[in-house]
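Per-entry structural report
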Amino acid sequence: MPTWTLHTEFKFDAAHFIEGYDGKCGNMHGHTYKVHVSAKSHKLNPSKYLDTDDMVCDFRELKWAAKSPKKGGLDHAVLNEELTVNPTAERIAEFIYKETMQRIPDGISLKITVWETETCWVEYTEDNV
Ligand SMILES: Nc1nc2c(c(=O)[nH]1)N=C([C@H](O)[C@H](O)COP(=O)(O)OP(=O)(O)OP(=O)(O)O)CN2
Ligand SMILES: [Zn+2]
């Protein structure tokens, strides 16, 4: 079966605190988050900018979170204000997954990896793993 997997990475800076955390992470602080997105599909699709079936999805639709909050992204955001849940790395990855799924065609398997620091990261998918 033909299979294409897109990969893209981007970074954004954001502030957060973990509500209820008994330790320093309960105080407002910042991270430069790195995000890796993989998008796998067995078919190609048209996109917002291309009418023909030649893309899994537009790379641009995978990188929305790198924009400022005014443009719908997370760069220089306070994550406690953007997410309705406690902004742990786990929840941020889930949030990016769900928001990205709304921007891309059906039938794409997505995996989101979020690095909170160089040595700590989390993967999120809703596929059977
Ligand atoms: N499973 C998770 N554990 C922790 C999360 C998280 O989102 N998911 N988040 C934090 C804090 O946000 C914290 O900022 C990260 O702290 P830490 O890994 O300790 O990073 P430091 O660079 O500050 O590391 P030091 O070893 O303390 O210098 C915590 N845990
Ligand atoms: Zn933190």
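Every residue gets a number counted from 1 within its own chain, in the order that chain's sequence is written. Working convention: letters from A go to chains and numbers from 1 go to ligands, in the order in which they are written. Thresholds applied to this predicted model are a pLDDT of at least 70 for local features of residues and 80 or more for the giving and counting of side-chain atom pairs; totals over whole chains, interfaces and linings are not thresholded and use all residues. Hydrogens and water are ignored here; the side-chain numbers use all heavy atoms of the structure.

UniProt positions are given in the numbering used here, feature names are shortened, and annotations may be inferred rather than shown by experiment. On the UniProt side, "active site" (unreviewed entry) is annotated at positions that read Cys25, His76 and Glu116 here. Segments assigned H or I by DSSP are reported as helices when at least four residues long, segments assigned E as strands when at least two residues long, and all are numbered from the N terminus. Inspection of the secondary structure puts Cys25 in the loop between β1 (4-16) and β2 (29-41). With a 1.4 Å probe rolled over the protein chains alone, any residue whose accessible area is under 20% of its type maximum counts as buried; one over 50% counts as exposed, and the rest are partly exposed. A relative accessible area of 21% places Cys25 in the partly exposed class. Here, residues are in contact when the closest pair of their heavy atoms is within 4.5 Å. If we ignore the near neighbours within four places in the chain, the residues touching Cys25 are Phe17 and Ile18. Each residue touching His76, except ones within four places of it in the same chain, is listed here: Asp13 and Pro69.

Taken together, the five strands give an open sheet; going across it, the order is β5-β1-β2-β6-β7, and neighbouring strands pair in mixed fashion. Unpaired on one side and paired on the other, β5 (77-78) and β7 (120-124) mark the two borders of the sheet. Alignment of strand β6 (residues 109-117) against β7, held across five bridges, turns out to be antiparallel. Bridge pairing in β7 places Val114 opposite Val122. Where helices are involved, their axes are fitted lines through C-alpha atoms of the stretch in contact, as for all axes, and angles between N-to-C directions lie from 0 to 180°. Contacting β1, β2, β6 and β7, helix α3 (residues 89-101) crosses the sheet at an angle of about 145 degrees to β6. Here a strand pair is declared whenever DSSP counts at least two bridges between the two strands.

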